[in-house]
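The chain contents come next:
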Amino acid sequence: LTGHTALDYGFVNTSATKSAITYIDGDAGILRYRGYPIEQLAKNSSYLEVAWLLLYGELPSAGELTDFDERIRRHTLLHEDLKRFFSALPHTAHPMSVLSSAVSALSTYYEHQSDPHNPEHVELNNIRMLAKLPVIAAYAHKKSVGQAFLYPDNSLSFVDNFLKLNFGVLSEEYQVSPVMSRALERLLILHEDHEQNASTSTVRLVGSTGANQFSSISAGINALYGPLHGGANEAVLAMLARIRDSGESVQRFVERVKNKEDGVKLMGFGHRVYKNYDPRAKLVKESADEVLTELGIQDPLLDLAKQLEEIALGDDYFMERKLYPNVDFYTGVIYKAMGFPTRMFTVLFAIGRLPGWLAQWREAVNDPQTKIGRPQQLYIGAAERNYPGAQ
Ligand code: SDX
């Protein structure tokens, strides 16, 4: 290894594993889950149907999907002690911190059924995670706005139950908006897996040590939190709001990005793998127009985002560096239109990504060739030397 060029800090040229779950062609902007194009799944499937596909490799039969859905509905309740766990955290806590802490705490209720090599335990905990993560997420939201937690309504679909847990209140009936339900279903599908991104690699690495699903997923949630990863959807909204409130022209902001003033980045742009338009971003942008129109919302931030995209895609600086909108660029505008606080955006990403994390964890743990993750390093520190006075 000579110098740092041989190093691969970002695993850019390192295949850490083999996987049969998701295929990405970054140059062509292709994304397929178990061979199915993301465009077809996003428009025709459901979050739970895609979750089954990612976990088991084939689309479920109608009976399998109904049974899967039923089992998840019957596991939505959290232990009452776990609900009290939330009161130990400050109401100002970021929902992503609440999510990862509560998932770690969740594992304490199932230590007797968390053997990664017991298929029954693994399948049961897939169901528990899929059923309970949305409830934990909604409780993190309710805690941040000081409202009472609701109980899950098992007569509702996965997405409708989640919307009601977030926006329903004890004092009145809650009617789920079909527009929001359809849009959220599509957004969740678009996030379900993305091969070896940072949070999924984290889940696989933690799983490779023999840790259970809850601990591995909690680690994945923490990795996703970073603004260069899932936290970018929250950072995009902050960036758009700052441009709007500063009165700075979009062109001037873009110049500051190009001059790298104060390390400013065009959040929601660029990708480790896509060196073309992220296929998910295209679908999200379509949804943004539909949802805001159907909800009758005019949001200047959407116009601002489109302006930013138009300027960047016409600018050599971004094109030479192959910087295009990624999945995070437009999602926040839709989540905001639905009524989610900005700090809940990455929590929504985590719910979307959960099936992929579980499928990738299961694939790693079931692979007899999986060894404990242990990357190499190039040592560049001090040569051997003696402690003063030591012989
Ligand atoms: C996700 O991996 C996945 O699959 C992740 C994800 C998933 O589904 O799991 O797709 C989800 O994390 C999407 C990415 C969300 N992050 C952001 O939107 C944050 C903003 N983007 C950047 O931080 C950046 O683009 C990365 C981290 C996403 C990718 O970085 P790369 O590909 O390693 O690029 P780089 O850091 O090596 O930069 C190459 C050049 C540099 O310029 P020069 O030094 O050559 O002059 O491009 C520039 C960078 O400064 N650059 C940007 C930029 N991203 C890269 N300049 C301005 N704005 C940006 N957003």
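Residues numbered from 1 in each chain as written. Predicted model: local features only at pLDDT ≥ 70, side-chain atom pairs only at ≥ 80, totals over all residues. Heavy atoms only, no water.

Identification of the protein as Citrate synthase from Microbacterium kribbense is taken from an unreviewed UniProt entry. UniProt annotates the protein under Pathway (unreviewed entry) with the comment "Carbohydrate metabolism; tricarboxylic acid cycle; isocitrate from oxaloacetate: step 1/2." We quote the UniProt Sequence similarities (unreviewed entry) comment for the protein here in full: "Belongs to the citrate synthase family." (UniProt positions renumbered as here; feature names shortened; annotations may be inferred.)

Trainee: Would you mind going over the layout of surface pockets with me for this structure?
Mentor: Estimated volume of the second largest pocket: approximately 150 Å³. Lining the second largest pocket we find Ala42, Lys43, Ser45, Val179, Arg182, Ala183, Glu185, Arg186, Ser287, Glu290, Val291 and Glu294. Where the lining of the second largest pocket is concerned, the elements lending two or more residues are α1 (38–44), α8 (178–191) and α13 (279–294). Ranked by residue count, the leading element in the lining of the second largest pocket is α8, at 5 residues. Its residues assigned to classes, the lining of the second largest pocket shows 4 nonpolar, 2 polar and 6 charged. (1 Å grid on protein atoms, 1.4 Å probe; cavity = no way out; pocket = protein on both sides within 12 Å on 5 of 7 lines; lining within 4 Å. Points joined across faces, edges and corners; volume = space filled by probe spheres on them. Helix = DSSP H or I, 4+ residues; strand = E, 2+ residues; numbered from the N terminus. Nonpolar A, V, L, I, M, F, W, Y, C, P; charged D, E, K, R; others polar.)

Trainee: Is there a simple way to explain the site of the ligand in this structure?
Mentor: Close to the ligand lie 24 residues; His194, Lys260, His271, Arg280 and Arg353 are nearest. Interatomic distance of 2.5 Å between a side-chain N/O atom of Lys260 and an oxygen atom of the ligand. Interatomic distance of 3.1 Å between a side-chain N/O atom of Arg272 and an oxygen atom of the ligand. For the ligand, whose accessible area on its own is 1,100 Å², the fraction buried by protein is 77%. (Near = heavy atom within 4 Å. Polar contact = N/O pair within 3.5 Å; in protein donor to acceptor, adjacent residues only side chain to side chain. Areas by Shrake-Rupley, 256 points an atom, 1.4 Å probe, with all protein chains shown as cover.)

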